[in-house]
Structure formats: C-alpha cells, structure tokens
Amino acid sequence: MDKWVLYGKSGNPSSDIAKAWLKNNGIPVEENSVFQLTKEEIERLAAIVPGGVRKLVYPDTFSFSLINPQKKTEKVHIEAIQEGELSDEEVIELLATYPAMAMTPIITNYDTILIGYDLDTMVSTFRFVKVKDVTLS
Amino acid sequence: MDQWVLYGKSGNPSSDIAKAWLKNNGIPVEENSVFQLTKEEIERLASIVPGGVRKLVYPDTFSFSLINPQKKTEKVHIEAIQERELSDEEIIELLATYPAMVMTPIVTDYETILIGYDLDTMVSTFRFVKVKDVTIA
Amino acid sequence: MSRFDIFRESGNPMFNENKLKLGIFGPNVNNSCSMTLADTTFKPDFETNVKIAKMMEDAGYECIVPVARWRGFGGSSNFNGRCMETYTWAAAMAAVTEKIYLFCTSHVPTMHPIVASKMLSTIDDISKGRIGLNTVVGWFPKEMEMFSGKKMEHDKGYQYATEWMEVVLRMWSEQFFDHKGEFFEIKDGWQEPKPSQSPRPVLISAGTSTKGREYSARFSDFNFGYIESMEHATEWTNFMKKLAWEEYKREINTFTTGFVVCRPTEKEAKEFYNYYVREQGDWEVANIICDMFGIESSSNSAEFLTKARENFIGGWGGWSFVGTPEQVADEMIKLSKTGVSGTLVSFLDYMEEMPYFNENVLPLLEQAGVRNPIKEDSTITEPILNA
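Because the structure is predicted, anything quoted here is derived from the model rather than measured.

Conventions we followed
Residues numbered from 1 in each chain as written. Chains lettered and ligands numbered in written order. Predicted model: local features only at pLDDT ≥ 70, side-chain atom pairs only at ≥ 80, totals over all residues. Heavy atoms only, no water. Axes fitted to C-alpha atoms, helices over the stretch in contact; angles between N-to-C directions. Helix = DSSP H or I, 4+ residues; strand = E, 2+ residues; numbered from the N terminus. Parallel < 35°, antiparallel > 145°, perpendicular 65-115°, else oblique. Contact = heavy atoms within 4.5 Å. Nonpolar A, V, L, I, M, F, W, Y, C, P; charged D, E, K, R; others polar. Buried area = accessible area lost by both parts, 1.4 Å probe. Salt bridge = Lys/Arg side-chain N within 4 Å of Asp/Glu carboxyl O. Polar contact = N/O pair within 3.5 Å; in protein donor to acceptor, adjacent residues only side chain to side chain. Phe/Tyr/Trp six-rings, centres within 6.5 Å; stacked < 30°, edge-to-face > 60°. Buried < 20%, exposed > 50% of the residue type's maximum accessible area, 1.4 Å probe, protein only. Lys NZ or Arg CZ within 6 Å of the ring centre and 35° of its normal.

> Run through the packing of helix H2 (residues 46-59) of chain C against helix H13 (residues 350-360) of chain C, naming residues and quoting values.
All names here are of chain C. It is at 11 Å that the axes of H2 and H13 come closest, and there the two elements cross at 0°. The angle between the axes of H2 and H13 places the two elements in the roughly parallel class. Residues Thr48, Lys51, Ile52, Met55, Met56 and Ala59 of H2 lie in contact with H13, whose contacting residues are Tyr350, Met351, Met354, Pro355 and Asn358. Here the contact of H2 with H13 is built from residues that sort into eight nonpolar, two polar and one charged.

Here's what the structure looks like:
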C-alpha cells in the first residue's frame, strides 16, 4: 500500500482544499501540522524538492503574510533566504525554528513531492494509487 | 457615530483575523462579502485608495492563487491588470464581474481605507473611534 | 379509468391533491446538490437519511429521489463521489418509513432489466407500495466507462433504455413470455413477486433532448427537468403533455428541482448564499460540469457563465429559492400555477435548515391552498430500527 504524508496548516486555503481533495477521493494520508516539522524531516524533504530547500519557503514576504497575517519575525528571514544570503544548512536550521516559513500543503511519499495545491497535479499524481490492501497473505 | 464597512471573504486568513480583531475590540462594522461589491461601490472605493483601483487587486497570480486556489479564470485578468494593459474603467468592469480578484479585507469609513490586515494599522486607525451614541439629543 | 385515476384512487402520494408536491433530491450522495466546501453537518449515510425522511414524513412531503453516482465529478469536493447505491438504499429506507414515496435511480446500462424489475417488486413489498423508478441512460462518461470501457452513444442509449423498460414492464405484467430484441433475448420470462401497487411503480425520467423527451412521453409518469423561467415551466409542461398524448395516447406530468436558502431576513439569506456558493463553492467541479454540458462558449457572456456556475454550486442547476419564508413561498406558489406538479428541493444542511423551512414556509403554502395541511390522524409508529 502506498503511504502518503501531508504537512498542512489549518486556515491556509490551499492546505485545506488539498486535504478535502484527498479525503473526498478516498486517499488515506497521514496528516501532520507544518509545525511538527523537525530538522531531520526538513532535510529529507529538501533532498527531494527540485530546486532544493529554498523552494519549500514562501517566495516573498507579501505572500507569506497573506497566509500568516500575524507573524512578523519570519519576514526578515524570508528576505534573507530568498536573496541567497544563507547556506542550505542555515536555511534548514531556520525552518526548523520557524516552520511557518514553509509553504503548505506539502504532500509526499518521499519519492514525489507536491508543494501547494494544483488540481491537475493532484489528479495526475494519484493515478493508480493503492489505498487498501485486500490481498494479504 | 463612526460607520465602518468591511468587505471580506471567509477562509482568507487576513480577512478572518481582521473580523476577529474588530469584534474582540468592540468595534461595530457592517460585514459584507467581497462578492456583494457592485460597480458603483468599486468606483467609490477606488477613488479613496492611494494608487487607484489597481491597488485593490492582488499584485500577482501567485498571491491570488494562495487565497483562491480553485479559481482560474481570474488569473489572466490579474496579469492584464498588473501589466497595465487595461484602463481604470475596464478594471472596474472586470472587478464587478470577478470580485474574487479584490484583496480582502477592505475596511473603510469612506475616508480612510485599509486593504489587508496589519495589526499596527488597525490599532492606529481605530484610536478614538466612537462606537456608541450615548448623547442623543 | 385512466392510469392516473388508478394511481389517485390507490392513494399514491405522487398523485395526491396537493397542487405543489414536494420532495428532496440526492440525500444519498456527498454534498447532496451543493458543490461547495462550506461547513455542513450533512452526511450521506443511512442514519442521516432516516432522520431526514422522518422529518419529511412529519411535514407531509411526497417523495425522495436519490442520485445514482458511481464516482465523483472531481474537484476537491469530488462532488457526489460518495454515494449509497439506490436499490439497496431504497429497500432499507422502505423498511423504516411509513408514508413517503421512494424512488430508485437506475443507470440502465449497469443492470439487467430482470434483476431491476425483481428488485423493485421486492422493494414494493417492503415499502407496501411506495417504490418508484427513475431511469437514466448515463451521461457522465467517466462513470459509464468504468462499466464497459465506453459510454453508450446518446441515441443508442435511448434505444437500449426503451428495450430495457419494455422488458421491465413485461416482467411486471406477464408470465411465460418470450422477448427477442436488439439488446436482450429472454426465453420464457417469468417473475414473482409482481409489484403490489396499482397499476405499477411510478416511473420518472429526466431528459431534455428530443430522444429523452420521447422516452419520457412513452414510458414515464413524470418528466423531470430544469426550468429557466415560470413561462418556460408552462411551455415545457404543455409540450410534454401534448407530446405524450399525440404520440402515445398517454398522460404525463412534469416535476422540477430547486435549492432552498430560507432565513428570517432577505439579508441573512443572501449572505448565506454568498458564503456557500461564491466564497466556499467548489468552482473547479462547477467548471468540470459546465464543460461537460458545453455551457462554456464564447457566445455566452461572462455574467451568464458565472450565473450558470453559481446555479450548479447552489443546487445542481435547480431553481433558486433564496429569501425570507414569504419570498420562498411566493416563488413556490408561482411555480404551482405553471402546471408543474411539484419540485424537489435541496438544502446545504438538511438537518439544520429543513426544520425552519417546514415550520415557516409550509404553512404559507397551505394558506395559499397549494398544499393541504398534514392529517393529524395519520399516526406514525416507531421505526423498526429503533424497536
């Protein structure tokens, strides 16, 4: 059976809609909060993302604030990250401290990784997914 | 008494947080959905915004999609608007047809206008606000 | 006596004296008729369906029409993806209800007519004569392709449905018969039980195409359809009655569907409409469905396309009953004057919204004389499930 994991943030429209899509299409997924991300897990995810760890982070402070209107501390770090002032190692450390900087949803089976919601990508990714084991030995 | 109006969209974090701030600070406001915006109302709001009608609209399709992950039609129009291919008149027409392109919350007394949520701006705007009339003639 | 006289005489609710009959549409599918991600307590499970049916029987509704769906339409709501199969649903509902008329909705290409006719006869016994049949050919390609790799072409689908229905009618009325047609060969056809209700289970079908209307005119007691205006409702009803009489010497009625948002003030009703349709609507699935129906076309204005999507999101493209109890009742009274026999209604949240409608709109319909008050002496015994 295929194992999928989702990192989300409640109240983020993309994250909520992706969760609804998975539920309404009968696809089991382990739902985690983005705030549960550990340093090790961020390293593991960063290794799969084309473009590396920076692609896990909001591209600018405006889009970050749309989803996190009350968070301020992160904004300085997002600027530093996106201006290329930090090493991958430093970015990973920062993300582990401020997980809100990671875009949600992140959906992965540790082969493929989806960041954000796009209907067509969901449909093509989950074609042939196996959701229940009915042929146990 | 000061009359404030809010245009919001449920599920948009900034909009929901602004509504909560107003409620929890005891400030009465007429709450409307952004989908109730008429052409006349858009014209009225546009005339108050520094920067004009363009500033009512999401600055790019990425930020629009973060709040409206399922809406596609609007994205072409947002590009056209922000690349300055359209007159103010044309933009107002488009916004009346596709109100989802308007950023929320919009909070206004038709003198001051706030677009989006920022705590400091809320605090400074609503200093000395009169919320109840107790000296009726 | 005509067929309709026999239905009336046997006390069939679909032929009672109410000028505007009321039912609900699709309580057996997720989201029922609303393509939205808005919050709702509604669940398409048996327990919820029994509660809704009890509430309807207490208020005097006539019928429940379930939706037959084999997969969802997509989008993040995957609208109608979760669906209780309608024959088994109807059999169970029949056992725990007393008065309401139930329908099975059957995609004819998915089931042999002998199996269908026998299941209906069985449910007729369980329900004591309260089961009807809604036949559909199947228009949603992705769901029909699961059965045979491809969806039957439209006209061929109706040829198939015609022969399918001929077999069902013979199974209900004949013993020891032979049938040889384009799609079925039956040697020495025989069936027990036959339906107990007179003259037979009520037959309904939707269909606005030429073939779809011909099929309705030939077999159905009610043609179901969408209305575009009150004038259109009258024209459509007259058209169907004329077609059925001139072509097949049969009577036929019409029935429509709509969605209800009823609140104490117009402002509250419109605000709720804004919330569940415009703000939280599943616009992706509305696009998928509008594309399938070919609604997207350059000849239509942006306003028209938006409105069409909103109607689908609001309640499967049905008539919109949005407003105060007086406004909703006025619209329904107008509808009753068009000649249409009744309307199915849908709510976003049946358990939360239907009681208000029942308490505030139904009395206005009774005052206007389009519905009769429910008879107090018709006591309802405890459902078998709770016994």
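> Break down the interface of chain A and chain B for me, citing the residues and quoting the values.
The partner chain B presents 18 residues to the 18 residues of chain A that form the contact. When chain A packs against chain B, the two sides together hide about 1,400 Å² of surface, and 69% of this comes from carbon and sulfur. Among the residues of chain A in contact with chain B, Phe62(A), Leu66(A) and Pro69(A) are the three that bury the most area, contributing 34% of the side total. Joining chain A to chain B, the criterion identifies one salt bridge. Taking the shortest distance from any N to any O, the salt bridge between Asp118(B) and Lys72(A) comes out at 3.6 Å. Summed over the shared surface of chain A and chain B, the number is zero residue pairs in polar contact (both at pLDDT 80 or more). Elements with a contribution of two residues or more to the side of chain A that touches chain B: helix H1 (13-24) and helix H3 (61-67) of chain A. Residue contributions to the side of chain A that touches chain B peak at five residues, all from H3(A). Of the residues contributing to the side of chain A that touches chain B, the split by class is ten nonpolar, six polar and two charged.

> How would you sum up the packing of aromatic side chains? Please name residues and give values.
By the definition in use, this model includes 34 aromatic pairs over all chains. Residues Phe312(C) and Trp316(C) carry aromatic rings whose centres are separated by 5.9 Å and whose planes lie at 70° to one another, so their mutual orientation is edge-to-face. Here Phe312(C) and Trp316(C) have matching classes, each one buried. Put simply, the rings of Phe73(C), Phe79(C), Trp139(C), Phe140(C), Phe293(C), Phe312(C) and Trp316(C) touch in pairs and so form one group of aromatic residues. Note that Arg44(A) overlies the ring of Tyr110(A), its terminal NZ or CZ placed 3.6 Å from the centroid. The side chain of Arg44(B) reaches across the aromatic face of Tyr110(B), ending 3.5 Å from its centre.

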